[in-house]
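Examining the three-dimensional arrangement
Each chain, letter by letter, is given below.
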Amino acid sequence: MTVPGYKEFMYPFLQILKDGKEHRLQDLYSDLAEYFDLTDRDIAETLPSGKQTLLTNRVGWARTYLSKAGLIKVIRRAVFRITDEGLNVANDPSVTRIDKKFLTRYPSFKEFINKADQESIENEKSKNEKHTPLELIDENYNILKNELQDVLLNKTLECSPAFFERLIVQLLVSMGYGGSVKDAGEAIGKSGDEGIDGIIKEDVLGLEMIYLQAKRWKKDSTVGRPEIQTFVGSLVGKQASKGIFITTAKFSNNAYDYAKSIDKRVILIDGQQLTDLMFKYGVGVTNGEIFVTKRLDSDFFEE
C-alpha cells in the first residue's frame, strides 16, 4: 500500500503510546510502518524534493498535532509519552479515528491552528472546495511557520542569558539598525547595568541610541507593568528617549497600557512577535524546502 496521510497516523500513534512508556520517534517510524504493513519501497518513498521520506514527514506531522492538542508530551528531543488525556482518548471505544476536526475540541490545538487560519474548521471536508490552490499553499505555509516559531521559542529558552542578549542585538542588526553587529551595539548583561541589557545604534552613524531590556522568561509567564516601569526609569537615568523591551514570555494588558501612556518611546515585543521577527529576518533559521510557482509571461508571446 502507499504511505497513509498524516491523519491516518494519529490514532495508531496514540495507541502505541498507550502503554505509558517513553517512545523514541525513530522507533515509532518502524512501529507505524509495521502497523500499516508498508513495504521497503513505501518506506523509501520521498517528497518531491527528495530530502525527506513521506513516512518521516507524515508521522512527524501526526506527532506535532497530537502534541499541540496535549495528547502526548515531549519528554526530551524526539522522545514522547502519552498524557492522561491522551490515555482517555486511546481507551475510549467510541474513538476509532483522530483528525483535525477531532482535535479542535482542545483549546491548545485550536490556538495553534488559528494562528495560521482564523476560519473555523467545522466543515473540513469542504475546505478543498472553498480554497484555491494558492490559498491552500498559503495556509499550510503558515502552519509550518507557526510550528517553527514554537521550536524557535523553546530553543531560545534553552540558551544562556548572555546568548539571548546577543541574539537580540543580532536580530535588530538584521532588521537594519546600526549596520554590522560589531559597530551596531553591545550586549551589557552585567550586574549593576541599571536595568539595561544592551545598546544599539538606531542608524549606522549612531546619531541616537536605543536601549534594550531582554527577559528570557518561561513562555507562559507574564511581564507586568512594574517591570516596564523599572525599564523606563533606567531610560530616564541614561537620558534616553527610546527603548525596546523584549521577552520570550507575554505582556500584561497593564504593561501595554503603561507603555502607551508615557512620553518615552518604548516598544514591547513578546515571545510570539520575537519568533515572528526571527523568522522574517532569518535569525536562527535557514531555508528548507523552496517551491517556486510560475505564471504566464505574456510579453514572451507577443509577436
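Here is a short report on the structure shown in this document.

Reading the values: the criteria
- Residues numbered from 1 in each chain as written.
- Predicted model: local features only at pLDDT ≥ 70, side-chain atom pairs only at ≥ 80, totals over all residues.
- Heavy atoms only, no water.
- Helix = DSSP H or I, 4+ residues; strand = E, 2+ residues; numbered from the N terminus.
- Buried < 20%, exposed > 50% of the residue type's maximum accessible area, 1.4 Å probe, protein only.
- Contact = heavy atoms within 4.5 Å.
- Areas by Shrake-Rupley, 256 points an atom, 1.4 Å probe, with all protein chains shown as cover.
- Salt bridge = Lys/Arg side-chain N within 4 Å of Asp/Glu carboxyl O.
- Polar contact = N/O pair within 3.5 Å; in protein donor to acceptor, adjacent residues only side chain to side chain.
- Phe/Tyr/Trp six-rings, centres within 6.5 Å; stacked < 30°, edge-to-face > 60°.
- Pairing = 2+ DSSP bridges.
- Axes fitted to C-alpha atoms, helices over the stretch in contact; angles between N-to-C directions.
- Left-handed = near helix turned anticlockwise from the far one by under 90°.
- Nonpolar A, V, L, I, M, F, W, Y, C, P; charged D, E, K, R; others polar.
- Patch = residues over 30% accessible without salt bridge, like charges linked within 9 Å, V, L, I, M, F, W, Y side chains within 5 Å.

What follows is about the overall build of the protein chain. The secondary structure content of the protein chain amounts to 14 helices and 10 strands. A buried classification covers 40% of the 303 residues belonging to the protein chain. Intrachain contacts of the protein chain at a sequence separation of at least 6 include 62% that bridge at least 24 residues. About 18,000 Å² of surface is accessible on the protein chain, with carbon and sulfur atoms providing 49% of the total.

So, about the pattern of salt bridges. According to the stated counting rule, one finds 9 salt bridges in the structure shown. Asp27 is paired through a salt bridge with Arg24; the nearest N and O atoms lie 3.0 Å apart. A relative accessible area of 33% places Asp27 in the partly exposed class. Exposure remark for Arg24: the relative accessible area of 46% places this residue in the partly exposed category.

When you line up the elements, Arg105 lands in the loop between α6 (100–103) and α7 (107–114). In this structure Arg105 comes out as exposed when scored by relative accessible area, which is 54%. Within the structure, the side chain of Arg105 is placed 3.2 Å from the backbone oxygen of Phe102, a separation counted as a polar contact.

Here the focus is the packing of aromatic side chains. For the structure shown, the criterion picks out 11 aromatic pairs. Measuring from ring centre to ring centre gives 5.3 Å for Tyr6 and Tyr65, while their planes differ by 80 degrees; the resulting arrangement is edge-to-face. Of this pair, Tyr6 sits in helix α1 (residues 6–16) while Tyr65 sits in helix α4 (residues 54–68); the two residues are 59 residues apart in sequence, bridging distant segments of the chain. What makes Tyr6 partly exposed here is its relative accessible area of 22%.

Attention now moves to the sheet that holds strand β2 (residues 72–76). Across the sheet, 3 strands lie side by side as β1-β3-β2; this open sheet has antiparallel pairing. Edge positions in the sheet fall to β1 (23–24) and β2, since each of these pairs with one other strand and no more. Note: β1 against strand β3 (residues 79–82), 2 bridges, orientation antiparallel. What sits directly across from His23, in β3, is Phe80.

Helix packing for two helices is described by the angle between their axes and how far apart those axes are. At a minimum axis separation of 8 Å, α1 and α4 run at an interaxial angle of 65 degrees. The interaxial crossing formed by α1 with α4 has right-handed handedness. On the side of α1, the interface is formed by Tyr6, Phe9, Met10, Phe13 and Leu14, while α4 contributes Leu55, Arg58, Val59, Trp61, Ala62, Arg63, Tyr65 and Leu66. Partitioned by chemical class, the residues of the contact of α1 with α4 number 11 nonpolar, no polar and 2 charged.

A cluster of nonpolar side chains, namely Leu296, Phe300 and Phe301, defines an oily patch on the protein surface of about 400 Å² accessible area. Summarising the element assignment, Phe301 is placed in the segment after α14 (271–281).

These values are about where atoms sit, not about what they do.
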